[in-house]
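# An overview of the molecular structure
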Amino acid sequence: MKEVGIGVIGAGRIGKLHGDNLCRSVAGARVEAAAEINLNDEHRAWAEKNGIKKIYKDPAEIWKDPKIDAVFICSSTDTHADFIMEAAAAGKHIFCEKPIHTDVKKIKEALAAVEKAGVKLQVGFVRRFDHNHKKVHDAVASGILGSPHVVRITSRDPEGPPLSYIAVSGGIFMDMTIHDFDMARYLSCSEVAEVSAYGAVLIDQDYRQYGDVDTAAVMLKFENGALGLIDNSRAAHYGYDQRTEVHCAKGCVQAANDLVDASVISTAEGVVCEKPMWFFLERYNAAFISEARVFVDAVRNDAVPPVGGKDGLEAVYIAMAAARSLKENRPVKLSEVRQ
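The following refers to the structure shown. (Residues numbered from 1 in each chain as written. Predicted model: local features only at pLDDT ≥ 70, side-chain atom pairs only at ≥ 80, totals over all residues. Heavy atoms only, no water.)

### A few points about helix α12 (residues 309–328)
Quick note on the threshold: Counting from the N terminus, the helices are DSSP H or I runs at least four residues long and the strands are E runs at least two residues long. Between the first and last residue of a helix there are one fewer steps than residues, each counted as 1.5 Å, and that sum is the expected span.
If you check α12, its first and last C-alpha atoms are 29 Å apart, about what 20 residues at 1.5 Å a residue would give, namely 28 Å. Of the residues one or two after α12, N329 is the one with positive phi, at around 55°.

### Comments concerning the state of the cysteines
Where we set the bar: By definition, disulfides here are pairs of cysteine sulfur atoms that lie within 2.5 Å. Each residue gets one of three labels from its accessible area relative to the maximum for its type: buried under 20%, exposed over 50%, partly exposed in between, using a 1.4 Å probe on protein chains only.
On inspection of all chains with the given rule, the structure shows zero disulfides. No disulfide involves C189; its sulfur sits 8.8 Å from that of C248, the nearest cysteine. When its relative accessible area of 43% is taken as the criterion, C189 is described as partly exposed. This cysteine, C252, is not joined by any disulfide, and C248 carries the nearest cysteine sulfur, 7.2 Å off. Taking the relative accessible area as the measure of exposure, C252 reaches 38% and is therefore partly exposed.

### What about the sheet that holds strand β4 (residues 70–73)?
Defined as follows: Two strands pair if DSSP finds at least two bridges between them. Every axis corresponds to a line fitted to the C-alpha atoms, with the helix fit spanning only the stretch in contact, and the corresponding angles, defined between N-to-C directions, vary from 0 to 180 degrees. Contact definition: two residues touch when any of their heavy atoms are within 4.5 Å.
What the six strands build is an open sheet, ordered β3-β2-β1-β4-β5-β6; its pairing is parallel. Looking along the sheet, the strands with just one partner apiece sit at the ends: β3 (54–56) and β6 (121–124). Each adjacent strand pair in this sheet contributes to an overall mean axis angle of 25°, direction not counted. Looking at chain direction, strand β1 (residues 4–9) and β4 are connected through four bridges and run parallel. In the sheet register, G7 faces β4, and the bridge partner there is V71. Those strands touched by helix α4 (residues 80–89) are β1, β4, β5 (93–97) and β6, and its axis lies near 170° from that of β5.

### Thoughts on the environment of A34
Its place among the elements puts A34 in strand β2 (residues 29–35). Owing to a relative accessible area of 1%, A34 belongs among the buried residues under this scheme. Residues A34 and K16, spaced 18 residues apart in sequence, show a C-alpha to C-alpha distance of 9.7 Å. Beyond its immediate sequence surroundings of up to four residues, A34 is in contact with V8, W46, I52, K54, I55, Y56 and I62.

### Some details on the packing of aromatic side chains
Defined as follows: Only Phe, Tyr and Trp rings take part, Trp by its six-membered ring, and two of them pair if their centres are within 6.5 Å. Stacked means planes under 30 degrees apart, edge-to-face means over 60, and tilted covers everything else.
Evaluated as defined, the whole model comprises nine aromatic pairs. Measuring from centroid to centroid gives 5.5 Å for F72 and F295, while their planes differ by 85°, and the two rings are edge-to-face. Taken together, the positions of F72 in strand β4 and F295 in helix α11 (residues 285–301) put the pair 223 residues apart, joining distant regions of the chain. Seen from their ring centres, F173 and F181 are 6.4 Å apart, and the 35° between their planes marks the pair as tilted. Taken individually, F173 and F181 each receive the classification buried, so the pair is uniform in this respect. Clustering of aromatic rings is evident, with ring pairs tying together Y240, F279, F280, Y284 and F288.

### Details of the nonpolar core
Note the threshold: Residues enter a nonpolar core if they are buried and are Ala, Val, Leu, Ile, Met, Phe, Trp, Tyr or Cys, with the set joined through side-chain atoms within 4.5 Å.
Counting 102 residues, the largest nonpolar core has L22, I84, I94, F173, V195 and L220 as the members making the most contacts within it. For this core, the element with the most residues is α12, which contributes eight residues. Not counting the four nearest positions on each side in its chain, I84 is found in contact with I73, I94, C96, I100, A110, V114 and L121.

Written out as structure tokens, the structure reads:
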């Protein structure tokens, strides 16, 4: 089976992460080229270190390269939909980081382009590939615990992103909680029917100038009758807090944080254990590798990627409902925002 030639679009933090993994940890993948609109010597050095011989300033060079079979779109959110359409038109299979876009019309245009071209699309909801969260999902999906009643998701970053990022992020629900909205669908094995969202600025008052919040709580009603609770913070100073739980008719399944190490020291003075891993680069790197392997295998074996365009669109709908709920201070049904 031939290797999949890959072009990486965007050589920022997430682009470098995917590029590193593809070069070092994903069998059957060959990073043929990368593109970065703010190309500089640091990007060139990164490409050289990974044996990536071609690095462009213009992403259009990726579309034109006949040695490239698939692309990883790791650029800013506002470019995702356009790059998906351009990649599809060039016949390239597509892995796209979340979200596909913040505008539903653009998302639907991108998904239509993918369908027309007959190429594969996988959306980067990496937490589905995490060993802990997958175990929770599998227990619920198997039916051994009975029907789900309550889904709880805690997702707290150790520190907030720079304000320059907040200005273009689309807001906490579209940028940060969108992972949790996908996780809620994944763990409940159901679609979301209604959202009630609450938010506050408790960490950095500068968030107000962008109409955003840094602390949020979201309540969900699912189509299967279950209820959901998500809590978010931009500043959990003890580390990256990532916990999930589904309480069901016959029992409960929980996933705690991955810690720096599993040792526990017990003395008369108390019991001490390690903190959670610091951030997503450490906590989810194995999951990033897994999702890349799954995508490459789907291209090589002509299989359907497990996280597709519908998943990307549904998460955006939930984020839109949450934003409207926060703004209008009322529950919002998903039927109000679906277009």
